[in-house]
Amino acid sequence: MSAEEITVESFYRFAAEKKLMGSKCSKCGAIYLPPRPICSACNNDEMNWVEMSGKGTIAAFTIIAAGPIPMILAGYNKDKPYCSGLIKMDEGMYFCAQIIGVDATHPEGIKIGTPVTVDFLERPIWHFLEEIYKKNRVYPVFKV
Ligand SMILES: [Zn+2]
C-alpha cells in the first residue's frame with residue numbers, strides 16, 4: 001500500500017486515520033498483525049503495509065478491575081472494569097486489544113467465538129512515565 005517504513009509510530013498514525021494496518025511480505029505473502037518489519041517465515045525485509053479487514057472473533061478474554069495508569073485515567077476501576085482479550089482475526093492471526101460493547105461486570109455473558117469488528121478509541125499512551133502517558137494516542141479496540 002505504501003513504501004512507508006514499518007514502525008510502531010506509523011501503525012498508530014494509521015490508527016488515527018481509523019485504519020488497522022498489518023504488514024505483508026513481498027516474497028511469501030505472509031501477513032502480520034501487529035506489523036513486523038521482517039518476515040519471520042522467510043526473513044525477507046521487504047514488507048508492505050496492508051489494510052486488515054478489521055473483522056474477527058473473540059478467542060479469549062479477561063476482565064481487568066485494577067488496570068494500568070492509562071486505563072485508570074480512561075475511567076476504569078474496580079466498579080467499572082474493562083474487558084481485554086485475544087481476537088482471532090479473519091486473516092488468521094491473533095491480536096490483543098480491549099473489547100468494547102460487552103458488560104464487563106457480567107463476564108458470564110461474554111462468549112468465545114462472538115464476532116467483533118475493529119473500532120478506534122483515543123486513550124492515554126500506555127507507558128509508566130507520566131510525561132508520556134499524559135499524552136493521547138488512538139488505539140484499535142474491538143466491538144461486539
Ligand atoms: Zn515472507
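In this text, all values refer to a predicted model and were calculated from it rather than measured experimentally. (Residues numbered from 1 in each chain as written. Predicted model: local features only at pLDDT ≥ 70, side-chain atom pairs only at ≥ 80, totals over all residues.)

> Explain the environment of Gly75 to me, and be specific about the residues and the numbers.
With respect to the element layout, Gly75 can be found in the loop between α2 (69-73) and β5 (82-89). Sequence-wise, Gly75 and Ala16 are 59 residues apart; in three dimensions their C-alpha atoms are separated by 21 Å. (Helix = DSSP H or I, 4+ residues; strand = E, 2+ residues; numbered from the N terminus.)

> Account for the environment of Gly85, with residues named and values stated.
Tracing the backbone through its elements, the reader meets Gly85 in strand β5. For the pair Gly85 and Tyr139, spaced 54 residues apart in sequence, the C-alpha to C-alpha distance is 14 Å. Not counting residues within four places of it along the chain, the set of residues in contact with Gly85 comprises Ile58, Ala60, Phe61, Thr62 and Ile99. (Contact = placed C-beta atoms within 7 Å.)

> Break down the nonpolar core for me, citing the residues and quoting the values.
Counting 21 residues, the largest nonpolar core has Cys83, Ile87, Ile99 and Phe142 as the members making the most contacts within it. Of all the elements in the fold, those that place two or more residues in this core are β4 (55-64), β5, β6 (94-100), β7 (115-124) and β8 (136-143). With four residues, β5 is the single largest residue contributor to this core. Taken domain by domain, the makeup of this core includes at least three residues from each of domain 1 (8-51) and domain 2 (55-143). (Core = buried A, V, L, I, M, F, W, Y, C linked by C-beta atoms within 7 Å. Buried ≥ 20, exposed ≤ 12 C-beta atoms within 10 Å, placed from the backbone. Domains from an automatic or database assignment.)

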